[in-house]
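One-letter residues, chain by chain:
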Amino acid sequence: SIPYVVGSKSPLAVAINCAAKAGEWIKSRLGTVKELSTKYSPQDLVTDVDKGAETMIRKLILTHFPNHDILGEEGVAPGAAASEAALAKAKASEYLWIVDPVDGTTNFVQGFPFFCVSIALAYKGEVIIGVIYDPIRDEMFVAEKGKGAYMHGNPTRVSEEKLLADSVVAVGFNPDRTFAAPVNLKGIVALSEATRSLRAAGSAALHLAYVAAGRLSGYYEVNLNAWDSAAGALLVRESGGIVTDTAGNPYDIGVRNLVASNGKIQRQLLDVITAAGATGLH
Ligand code: IPD
Ligand code: CA
Ligand code: CA
Ligand code: CA
């Protein structure tokens, strides 16, 4: 078990509270973006709402756990090199909160109602809590390592699909058009032929929550960051699914090229992606 300070608020309660508060605020700001800029590429957007939500979440976490570390997307310089350096440093933390204040910024900016807040807590590098909140549908997905995953008190469970050909699988159009997207697109083309249908709704974290809840049978994207995947990967595993890198190695917060599924179609997914030469950059 995990050595929390007796009498302190539970980290799970803090994670849920942060996600709910930030989510409500983000929703209230829909259609009122004041400041829109690009980061790594013209496809990589950031707004005042991303930054404000991250600040809000940081303050709340540190109120309860002043000694914990936080890895938040908007606190890291854009691009794979900076995020890998930040992650390497963060991996040495005892308690590390991994925060994506708005996952699905492009959707948020468009008013396309599919985005979420993603918050995970890792203890010595292992994710022990994952919370994903969709403020539009008021859906709070919650997982605790070894204790299952829930959505509003009901256990979430991955789908029963055994064949990739019968499965609906989500993919992402990675914003790194120079390096990642060409690889990713090869995988997307191959999967479009091997599956029943694909979805690319624009939020890595919500796609993972939907795999956990059995609404999708799998998900594939290369070049993700820890804040996109940490909470969702725990949700999938605690709902009976499997998360690996594109080579089939078990998930850890350093995995950038991600394949998640109900478990039954994992091998089939990996085989299609490998055959397509779409396993990623490294
Ligand atoms: C992005 C979204 C998108 C995925 C990108 C992510 P952001 O996160 O999850 O669906 O395709 O790879 O970077 O920037 O909206 O937090
Ligand atoms: Ca972003
Ligand atoms: Ca993200
Ligand atoms: Ca984000």
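Keep in mind it's a predicted model, so treat the numbers as computed, not measured.

1. Let's talk about helix H2 (residues 48-64)
Compared with an ideal rise of 1.5 Å per residue, which puts 17 residues at 24 Å, H2 spans 25 Å between its outermost C-alpha atoms and is within 8% of the ideal. For H2, the full list of buried residues reads Val-49, Asp-50, Ala-53, Glu-54, Ile-57 and Ile-61. Take H2 and look down its axis: the buried residues cluster within an arc of 130°, on one side only. Those residues of H2 that are exposed and angled more than 90 degrees off the buried face are Lys-59 and Thr-63. At its buried positions, H2 is contacted by helix H1 (11-28), strand E2 (45-47), strand E3 (69-72), strand E4 (95-103), helix H4 (105-110) and strand E5 (116-123).

2. Side note on the sheet that holds strand E7 (residues 139-144)
Pairing is mixed across the open sheet formed by seven strands, whose spatial order is E3-E4-E5-E6-E7-E8-E9. What marks the edges here is a single partner per strand, and that holds for E3 and strand E9 (154-155). Here strand E8 (residues 148-151) runs beside E9; their pairing, made up of two bridges, is antiparallel. By the bridge assignment, Met-151 is partnered in E9 with Asn-154.

3. Things to note about the domain arrangement of the chain
What the domain assignment reports for the chain is domain 1 (11-155) and domain 2 (164-275). For domain 1 versus domain 2, the separation of C-alpha centres amounts to 19 Å. Taken together, the contact between domain 1 and domain 2 spans 37 residues of the former and 27 residues of the latter. Secondary structure elements with two or more residues in the side of domain 1 that touches domain 2: E3, helix H3 (80-90), E4, H4, E5, strand E6 (126-134), E7 and E8. Along the lines of polarity and charge, the residues of the side of domain 1 that touches domain 2 split into 20 nonpolar, 11 polar and six charged.

4. Topic: the environment of Ile-128
Tracing the sequence through the fold places Ile-128 in strand E6. You can call Ile-128 partly exposed: it has 19 C-beta atoms within 10 Å. Note: C-alpha distance between Ile-128 and Lys-145 (17 residues apart in sequence) is 4.8 Å.

5. Points about the site of ligand 1
The full set close to ligand 1 counts 16 residues, and Asp-103, Thr-105, Gly-172, Gly-202 and Ala-204 are the nearest of them. Grouping the constituent residues of the shell around ligand 1 by class yields five nonpolar, six polar and five charged. For the shell around ligand 1, the two domains that each supply at least three residues are domain 1 (11-155) and domain 2 (164-275).

6. Comments concerning the packing of H1 against H2
For the pair H1 and H2, interaxial distance at closest approach is 10 Å and the crossing angle is 155°. With respect to each other, H1 and H2 are oriented roughly antiparallel. Of the two possible hands of crossing, H1 and H2 adopt the one that is right-handed. On H2, the residues touching Val-14, Asn-17, Cys-18, Lys-21, Ala-22, Trp-25 and Ile-26 of H1 are Val-49, Ala-53, Met-56, Ile-57, Leu-60, Ile-61 and His-64.

Reading the values: rules and limits
Residues numbered from 1 in each chain as written. Chains lettered and ligands numbered in written order. Predicted model: local features only at pLDDT ≥ 70, side-chain atom pairs only at ≥ 80, totals over all residues. Helix = DSSP H or I, 4+ residues; strand = E, 2+ residues; numbered from the N terminus. Expected span 1.5 Å × (residues − 1). Buried ≥ 20, exposed ≤ 12 C-beta atoms within 10 Å, placed from the backbone. Arc of directions from axis to C-beta. Contact = placed C-beta atoms within 7 Å. Pairing = 2+ DSSP bridges. Domains from an automatic or database assignment. Nonpolar A, V, L, I, M, F, W, Y, C, P; charged D, E, K, R; others polar. Near = placed C-beta within 6 Å. Axes fitted to C-alpha atoms, helices over the stretch in contact; angles between N-to-C directions. Parallel < 35°, antiparallel > 145°, perpendicular 65-115°, else oblique. Left-handed = near helix turned anticlockwise from the far one by under 90°.

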